[in-house]
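# Reading the structure
Here's the letter readout for the chains.
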Amino acid sequence: IGAKCTSGLYIQRNNGAVPGEPVKTDKNSRRGNWGNQIEFILTSVGYAVGLGNVWRFPYLCYRNGGGAFMFPYFIMLVFCGIPLFFLELSFGQFASQGCLGVWRISPMFKGVGYGMMVVSTYIGIYYNVVICIAFYYFFSSMTNLLPWTYCNNPWNTPTCNGVVTPTGINNTLANVTRSLVTGAAEVAVEVVNKTKRTSPSEEYWKHYVLKISDDIGNFGEVRLPILGCLAVSWVVVFLCLIRGVKSSGKVVYFTATFPYVVLTILFIRGITLEGAVTGIKYYLTPQWHKILDAKVWGDAASQIFYSLGCAWGGLITMASYNKFHNNCYRDSIIISITNCATSVYAGFVIFSILGFMAHHLNVDVSEVADHGPGLAFVAYPEALTLLPISPLWSLLFFFMLILLGLGTQFCLLETLVTAIVDEIGTDWIIRNKTVVTGGVAIVGFLLGVPLTTQAGIYWLLLMDNYAASFSLVIISCIMCICIMYVYGHKKYFKDVEMMLGFPPPIFFRVCWRFVSPIIISFILIFTVIQYKPITYNDYVYPGWSLAIGFLMAMSSVTCIPIYALYKISKSEGTTFLERLKNSCKADIKWGPALSEHRIGHYAAPVSEGEVEVRPLKEELKEKEDEKRDEISLTIQGSNGSTAHNTTPSA
């Protein structure tokens, strides 16, 4: 299908977003592109859909009014989530640059890109530790009997009380017998009954897997099994990214889709269990009075913001490998809705099993509901012990967690690697990108070693709560202000129109300029007001550790003013205002990466090192000069040659 030129060449018409334009190569051969758009969508879905969808959203929904929470959640999705997602995708795709290179739009704000890199570094360090623990549980599930089923293990304490009774002996009596040193059995039973119950899964988690210390400063020993699993995690991530998006784009066909297969299997198994309906009712029953609570709206906005991965730099990076005319508007809607639908779906999977467990224990669902590591490594694994063939369900569950984590980890590592490669930009480093990937992976592994010690869980939760909290909100807000008000909303809307073939819908224009920044500001204020010092179960973090947490949070934000001052000092001008103005102006290299896309005011010449130029052969160039007056139409083909047609009907 195409138009035939008199020279005999067939020129395909573009089926993308720009109607009527001849197809150009649209491929950045120097930097690389996705193999196809399915790879980009699956990678972005894998990036956005992570562990938080499974271990945070269902609990938030249950705690904030059940079904009533869905209303503010989807309101925030429409007015904040999707617009910000579209903004970041269009930003990265237009410039074909990572989270540092895109700030040619306004060089003074390049510190925002460095802030994104810092955030991605923190998250990448502790996120892979969570994945390695999932690996550990996955390997531990390869047995006939899950090791956290009973209380008759060396690491169990007298207060352990399992939900499964060993054959031929009452579990409580077994616990009492182990606890007896002297005295009558009746006295010991009374002591055990009055003591708070600890489950075998909780004791397996604390006393065997982590061998948790009593303080964040007491590192103890490195847990070698976890360290080994951490090495496995980083090797897997490195191998999947060994050829950049070319290799990771193939891996995501499995890592982004198979979790849905596992979720569906666990969902079908869960809803067939007795008590599952009770659990789902706890999850969904609307408590409409909670809609008037500001905390509910704050939680909804925060969950949307963090779940979609805004301001991490990953969205900009993934979109930078798109072809220039890809319809990222469509992609942003598909990926955002898929992410939120997955969160809702995961809630059915989690609460059907927890409802069954509550029914078995004859307690309220609220007593077994949990979130975060407590859900993934304590509550849910314990519930799985009640199922027939429990090792099978455990293998499936932890394999799903591994895949969900890897999908996010791929993008975190690629964000850092792409930023480094784009910033240096030499031919050598582009050819040897694998070396950079390996180097970043090794550094990430080494920085993760302290998290495999006996105090590792304390540091992991500290990083989770502080490294990527309010700093992300500040970064996102400054990004909106820079693009919409410093660079100029009219110019950016024209850029998007040039890329997509149509301007951003008016709804998104209003959200980008007004609504989303206001909601982001609301999230920031809410985060500050609702702040409470972090705790882990009954452990209260000391003041010095909280100070370290705040330093981690501020380290990404301080990149912005520090780089801004540096850029102003290096800019041309005799006065501060002149330097400020010049540092805010878009760099001459800002714009599309390929020469054929640089039209209009972007047609100004730039250096060959930054924009890929496909030179014509000398003889064709001379021929073009000789026949310039005869040529009525010139069409550039996909191989860089020039096809000439003397008839206007080509």
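So, how was this worked out
- Residues numbered from 1 in each chain as written.
- Predicted model: local features only at pLDDT ≥ 70, side-chain atom pairs only at ≥ 80, totals over all residues.
- Heavy atoms only, no water.
- Helix = DSSP H or I, 4+ residues; strand = E, 2+ residues; numbered from the N terminus.
- Buried < 20%, exposed > 50% of the residue type's maximum accessible area, 1.4 Å probe, protein only.
- Contact = heavy atoms within 4.5 Å.
- Areas by Shrake-Rupley, 256 points an atom, 1.4 Å probe, with all protein chains shown as cover.
- 1 Å grid on protein atoms, 1.4 Å probe; cavity = no way out; pocket = protein on both sides within 12 Å on 5 of 7 lines; lining within 4 Å.
- Points joined across faces, edges and corners; volume = space filled by probe spheres on them.
- Nonpolar A, V, L, I, M, F, W, Y, C, P; charged D, E, K, R; others polar.
- Axes fitted to C-alpha atoms, helices over the stretch in contact; angles between N-to-C directions.
- Parallel < 35°, antiparallel > 145°, perpendicular 65-115°, else oblique.
- Left-handed = near helix turned anticlockwise from the far one by under 90°.
- Core = buried A, V, L, I, M, F, W, Y, C linked by side-chain atoms within 4.5 Å.
- Disulfide = S-S within 2.5 Å.
- Phe/Tyr/Trp six-rings, centres within 6.5 Å; stacked < 30°, edge-to-face > 60°.
- Patch = residues over 30% accessible without salt bridge, like charges linked within 9 Å, V, L, I, M, F, W, Y side chains within 5 Å.
- Salt bridge = Lys/Arg side-chain N within 4 Å of Asp/Glu carboxyl O.
- UniProt positions renumbered as here; feature names shortened; annotations may be inferred.
- Expected span 1.5 Å × (residues − 1).
- Polar contact = N/O pair within 3.5 Å; in protein donor to acceptor, adjacent residues only side chain to side chain.
- Arc of directions from axis to C-beta.

### Let's talk about the overall build of the chain
- Across its full length, the chain holds 26 helices and 6 strands.
- For the chain, the proportion of its 650 residues judged to be buried stands at 55%.
- The contacts in the chain between residues at least 6 apart in sequence include a share of 79% that link residues at least 24 apart.
- Approximately 27,400 Å² of the chain is accessible, and the part contributed by carbon and sulfur atoms is 63%.

### Section: empty space enclosed by the protein
- Taken as a whole and judged by the stated rule, the model has 7 cavities of 30 Å³ or more.
- Roughly 80 Å³ of volume is contained in the second largest cavity.
- Lining of the second largest cavity is provided by 12 residues; of these, Asn-28, Asn-33, Ser-96, Asn-322 and Phe-324 occupy positions nearest its centre.
- Of the residues belonging to the lining of the second largest cavity, the class tally is 3 nonpolar, 7 polar and 2 charged.

### Some points on the packing of helix H12 (residues 276-284) against helix H15 (residues 328-361)
- Viewed as axis vectors pointing N to C, H12 and H15 meet at an angle of 135 degrees, and their least axial separation amounts to 7 Å. Overall, the two elements H12 and H15 adopt an arrangement that is oblique. Both H12 and H15 take part in a crossing whose hand is right-handed. Residue-level inspection shows Ala-276, Gly-279, Ile-280, Tyr-283 and Leu-284 of H12 in contact with H15, the latter providing Ser-343, Val-344, Gly-347, Phe-348, Phe-351, Ser-352, Gly-355 and Phe-356.
- When its residues are assigned to classes, the contact of H12 with H15 shows 8 nonpolar, 5 polar and no charged.

### Let's talk about the environment of Val-449
- Along the polypeptide, Val-449 turns up in the loop between helix H19 (433-448) and helix H20 (456-466).
- The exposure class assigned to Val-449 is partly exposed, which follows from its relative accessible area of 22%.
- As for Val-449 and Leu-230, which are separated by 219 residues in sequence, their C-alpha atoms are 8.2 Å apart.

### Topic: the nonpolar core
- Counting 186 residues, the largest nonpolar core has Phe-91, Tyr-137, Phe-377, Tyr-492 and Tyr-541 as its most contacted members.
- When residues of this core are assigned to their parent elements, the largest contribution, 19 residues, is made by helix H5 (residues 110-140).
- Sequence-distant contacts of Phe-91, defined by excluding residues within four places in its chain, comprise Val-102, Trp-103, Ile-105, Ile-316, Met-479, Ile-483, Tyr-492 and Trp-590.

### Describing the state of the cysteines
- Throughout the structure, instances matching the rule amount to 1 disulfide.
- In this model, Cys-151 is linked to Cys-160 through a disulfide, with the two sulfur atoms separated by 1.9 Å. Between Cys-151 and Cys-160, the S-S dihedral sits near -65 degrees, and the bridge is therefore left-handed. As far as the burial class goes, Cys-151 and Cys-160 line up, both buried.
- Unpaired in this structure, Cys-310 has its nearest cysteine sulfur neighbour in Cys-80, at a distance of 6.8 Å.
- Under the relative-accessibility criterion, Cys-310 is labelled buried at 0%.

### Here we look at the packing of aromatic side chains
- Tallied over the full model, the rule gives 64 aromatic pairs.
- Geometrically, the ring pair formed by Phe-94 and Phe-324 is tilted, given 5.7 Å between the ring centres and 45 degrees between the ring planes. Residue Phe-94 is located in helix H4 (residues 67-95), and its partner Phe-324 is located in the loop between helix H14 (314-320) and H15; the two are separated by 230 residues in the primary sequence.
- By relative accessible area, which is 1% here, Phe-94 ends up buried.
- Judged by centre distance (6.3 Å) and plane angle (65 degrees), the rings of Tyr-466 and Tyr-531 are edge-to-face. Of the two residues, Tyr-466 sits in helix H20 while Tyr-531 sits in the loop between helix H22 (506-529) and strand S3 (535-536), which places them 65 residues apart along the sequence.

### Description of unusual backbone geometry
- In this structure, Ser-96 is a non-glycine residue whose phi angle is positive, near 50 degrees.
- Relative to the assigned elements, Ser-96 resides in the loop between H4 and H5.

### A closer look at a nonpolar patch on the surface
- Nonpolar side chains collect at one region of the surface, where Val-78, Phe-79, Ile-481, Tyr-485, Val-486, Ile-506, Phe-507, Val-510, Phe-514 and Ile-518 lie side by side and expose about 850 Å² of accessible area between them.
- Those elements that provide at least two residues to the nonpolar patch are H4, helix H21 (470-500) and H22.
- For the nonpolar patch, the element with the most residues is H22, which contributes 5 residues.
- Residue placement: Phe-514 occurs in helix H22.
- Judged by relative accessible area, Phe-514 falls into the partly exposed class, the value being 42%.

### Examining the UniProt feature "binding site: Na(+) 2" (unreviewed entry) in the chain
- When the UniProt feature table is mapped to this numbering, "binding site: Na(+) 2" (unreviewed entry) covers Val-49.
- For Val-49, the position within the fold is in the loop between helix H1 (37-48) and helix H2 (51-55).
- Using a relative accessible area of 4% as the deciding quantity, one classes Val-49 as buried.

### Considering the environment of His-371
- You can see His-371 is positioned in the loop between H15 and helix H16 (373-384).
- By relative accessible area, which is 36% here, His-371 ends up partly exposed.
- Between the alpha carbons of His-371 and Pro-58 there is a distance of 8.1 Å; along the sequence they are 313 residues apart.

### A few points about the pattern of salt bridges
- In total, this model carries 8 salt bridges according to the counting rule given.
- Residues Asp-299 and Lys-295 are paired through a salt bridge, measuring 3.0 Å at the closest nitrogen-oxygen approach. You can see Asp-299 and its partner Lys-295 sitting in helix H13 (residues 294-307), 4 residues apart, about one turn around the helix.

### Considerations on the packing of H13 against H22
- At their nearest, the axes of H13 and H22 sit 10 Å apart, and the two run at 115 degrees to each other. By the angle between their axes, H13 is roughly perpendicular relative to H22. As for the relative orientation of H13 and H22, their crossing is left-handed in sense. On the side of H13, the interface is formed by Ala-294, Lys-295, Trp-297, Gly-298, Asp-299, Ala-301, Ser-302 and Phe-305, while H22 contributes Ile-519, Phe-522, Ile-523 and Phe-526.
- Looking at the contact of H13 with H22 residue by residue, the classes come out as 8 nonpolar, 2 polar and 2 charged.

### Let's talk about H13
- Counted at 1.5 Å a residue, the expected span for H13 with its 14 residues is 20 Å, and the 20 Å between its end C-alpha atoms agrees.
- Of all 14 residues that make up H13, 10 are buried, and the element is covered over most of its length.
- N-capping of H13 is provided by Asp-293, with a side-chain oxygen placed 3.0 Å from the backbone N of Lys-295.

### Focus on H12
- Along H12, the residues classified as buried are Ala-276, Gly-279, Ile-280 and Tyr-283. An end-on view of H12 places all buried positions within 95 degrees of arc, on one side of the element. Across from the buried face of H12, at angles greater than 90 degrees, the exposed residues are Val-277 and Lys-281.
- In this fold, the buried residues of H12 make contact with helix H3 (57-63), H4, helix H11 (258-271) and H15.

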